Amino acid sequence: MKKTRELIEKNLKLVDVVVEVCDARIPISGRNPLIDDIVKRKPRILLLNKSDLADERRTRMWLSFYGKAFTTLVTNGMSGGGMRELFARLEVLQREMQEAKASGVARNLRVMIVGIPNSGKSSLLNRLAKRRGAQVGDRPGVTRGKQWITIENGMQILDTPGVLWPKFEDPRTGMNLAFCGSIRDEILDVSELGLELIRILEVQYREPLFERYGLSEEDLEKAREAGMAMDDYYDEEFVDSALVIMEAIAKKRGFILPGRKLDYERTARTVLDEFRAGMIGRITLELPPK
Ligand SMILES: Nc1nc2c(ncn2[C@@H]2O[C@H](COP(=O)(O)OP(=O)(O)OP(=O)(O)O)[C@@H](O)[C@H]2O)c(=O)[nH]1
Ligand SMILES: [Mg+2]
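This one's a predicted model, so the numbers in the text were calculated from it and none came from an experiment.

1. Topic: the layout of surface pockets
Right, on to step 1. In this structure, the largest pocket occupies an estimated 780 Å³ of space.
Right, on to step 2. Counting residues per element, the lining of the largest pocket draws most heavily on helix α5 (residues 121-129), at five residues.
Right, on to step 3. Among the residues making up the lining of the largest pocket, the classes are represented as nine nonpolar, 16 polar and 12 charged.

Structure, rendered in structure tokens:
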């Protein structure tokens, strides 16, 4: 973590512009506060990537919110959506830089790509390069060291490993990063994490959640009753509605362990995997401040 920060700080001196890649589903939690601190006055372009997985309406809100502070673009590292705009922005910056050089020595633009793990930095680099130069993977921590790639028009792009920061001010931040696969699963309690995701979806995306798992109010009622019958401590007044939904999903999917116990862990993993793959719908977990 410290090493990557040093890597970014050191290379910042060599580049003309920073492209910050953020997961469009978590436009607050998905941005490393250290980057503001490190980058300061360099020109910056913010990419709301994985836009295919994010809620379109909310992406538009974020675009106008962040657009006030820096050039902000909506991208898709899989299909290449938004790449033409990014390219055009970089060309403008290169022209401006070359025109500003009194000496007339026309150096090509140097660009550094930064962002949290698994946000799609290497995928976007490959898109810019129009080839698979950088290794990509559906888990955090794929890119290890720095990698310069020269693209067709001569620009030099530096890919960097994803950086997280040592302490989350808000515990929600760590959760959001985990939901979107930017923190390794092994260090988290999967059942707890899945339950927390259901807790958010229950309020913000109830309809797609119910649709995905074929849930009805009747299913919930049954799950609530079964829960109460199973557990003496189940307090009717304070039933955890997210837990009831989780139990109803487990039943629907037949995730039952020997002894007719519900398999919470498998249910949680399924909901997390399906959220990450966009199978529950296009979801954005954070809204811009009013
Ligand atoms: N659905 C979707 N998936 C994407 C998009 N961009 C990248 N991915 C996927 O996200 C995963 C991570 O992509 P990478 O390009 O390796 O991410 P990275 O930011 O370089 O990750 P680290 O090197 O680990 O920091 C891969 O499975 C990509 O295929 C996108 O716009 N939409
Ligand atoms: Mg990478």
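Having seen it, we continue.
2. Quick word on the site of ligand 1
Right, on to step 1. D52, G77, K121, S123 and V142 are the nearest of the 23 residues found near ligand 1.
Right, on to step 2. At a separation of 3.2 Å, an oxygen atom of ligand 1 approaches a polar backbone atom of K50.
Right, on to step 3. N118 is positioned such that a nitrogen or oxygen atom in its backbone is 3.1 Å from an oxygen atom of ligand 1.
Right, on to step 4. Taking 660 Å² as the accessible area of ligand 1 by itself, protein coverage stands at 92%.
Right, on to step 5. Cavity membership is defined here by more than half of the atoms lying within 2 Å of grid points; on that basis ligand 1 lies in the largest pocket.
Right, on to step 6. Each residue belonging to the shell around ligand 1 can be placed in one class, and the counts come to six nonpolar, 12 polar and five charged.

3. Remarks on the packing of aromatic side chains
Right, on to step 1. Tallied over the entire structure, the rule returns four aromatic pairs.
Right, on to step 2. Ring geometry for W62 versus F65: centroids 5.5 Å apart, planes at 90°, classification edge-to-face. One end of the pair, W62, and the other, F65, are both in helix α3 (residues 56-67), three residues apart, so they sit about a helical turn from each other.
Right, on to step 3. Looking at W62, the relative accessible area reads 1%, which means it is buried.

4. Digging into unusual backbone geometry
Right, on to step 1. Phi angles above zero are rare outside glycine, and K40 is one such case at about 45°.
Right, on to step 2. Of note, K40 is situated in the loop between α2 (33-39) and β2 (44-49).
Right, on to step 3. One non-glycine residue, K50, adopts positive backbone phi at about 60°.
Right, on to step 4. For K50, the position within the fold is in the loop between β2 and α3.
Right, on to step 5. Judged by relative accessible area, which is 18%, K50 ranks as buried.

5. Topic: helix α7 (residues 190-204)
Right, on to step 1. For α7, which comprises 15 residues, the first-to-last C-alpha distance of 21 Å matches the rise-based estimate of 21 Å (1.5 Å per residue) to within 8%.
Right, on to step 2. Of all the residues in α7, the buried ones are V190, L193, G194, L195, E196, L197, I198, I200, L201 and E202.
Right, on to step 3. Summarising the contacts, the buried residues of α7 are in contact with α6 (171-179), α8 (206-213), α10 (241-253) and α11 (264-276).
Right, on to step 4. One side-chain oxygen at the N-terminal end of α7 lies 3.0 Å from the backbone nitrogen of S191; it belongs to D189.

6. Some remarks on the pattern of salt bridges
It is possible for side chains bearing opposite charge to pair when their charged atoms get close.
Right, on to step 1. The full count for this structure, using the stated rule, is 17 salt bridges.
Right, on to step 2. Between R25 and D23 there is a salt bridge; the shortest N-O distance is 2.7 Å.
Right, on to step 3. By relative accessible area, D23 is classed as buried at 1%.
Right, on to step 4. Here E217 and R206 are joined by a salt bridge, their closest N and O atoms 3.6 Å apart. Of this pair, E217 sits in helix α9 (residues 217-230) while R206 sits in helix α8; the two residues are 11 residues apart in sequence, bridging distant segments of the chain.

7. What about the domain arrangement of the protein chain?
Right, on to step 1. Considered domain by domain, the protein chain is made up of domain 1 (2-159) and domain 2 (189-276).
Right, on to step 2. On the domain 2 side, the residues contacting the four residues of domain 1 number four residues.
Right, on to step 3. When the two sides are added together, the surface that domain 1 and domain 2 hide from each other amounts to roughly 330 Å², 33% of it contributed by carbon and sulfur.
Right, on to step 4. Among the residues domain 1 hides against domain 2, the three largest losses belong to R25, D55 and R58. Together they make up 88% of the total.
Right, on to step 5. On inspection of domain 1 and its partner domain 2, the count reaches three residue pairs in polar contact (both at pLDDT 80 or more).

Reading the values: rules and limits
Residues numbered from 1 in each chain as written. Chains lettered and ligands numbered in written order. Predicted model: local features only at pLDDT ≥ 70, side-chain atom pairs only at ≥ 80, totals over all residues. Heavy atoms only, no water. 1 Å grid on protein atoms, 1.4 Å probe; cavity = no way out; pocket = protein on both sides within 12 Å on 5 of 7 lines; lining within 4 Å. Points joined across faces, edges and corners; volume = space filled by probe spheres on them. Helix = DSSP H or I, 4+ residues; strand = E, 2+ residues; numbered from the N terminus. Nonpolar A, V, L, I, M, F, W, Y, C, P; charged D, E, K, R; others polar. Near = heavy atom within 4 Å. Polar contact = N/O pair within 3.5 Å; in protein donor to acceptor, adjacent residues only side chain to side chain. Areas by Shrake-Rupley, 256 points an atom, 1.4 Å probe, with all protein chains shown as cover. Sits in = over half its atoms within 2 Å of the grid points. Phe/Tyr/Trp six-rings, centres within 6.5 Å; stacked < 30°, edge-to-face > 60°. Buried < 20%, exposed > 50% of the residue type's maximum accessible area, 1.4 Å probe, protein only. Expected span 1.5 Å × (residues − 1). Contact = heavy atoms within 4.5 Å. Salt bridge = Lys/Arg side-chain N within 4 Å of Asp/Glu carboxyl O. Domains from an automatic or database assignment. Buried area = accessible area lost by both parts, 1.4 Å probe.

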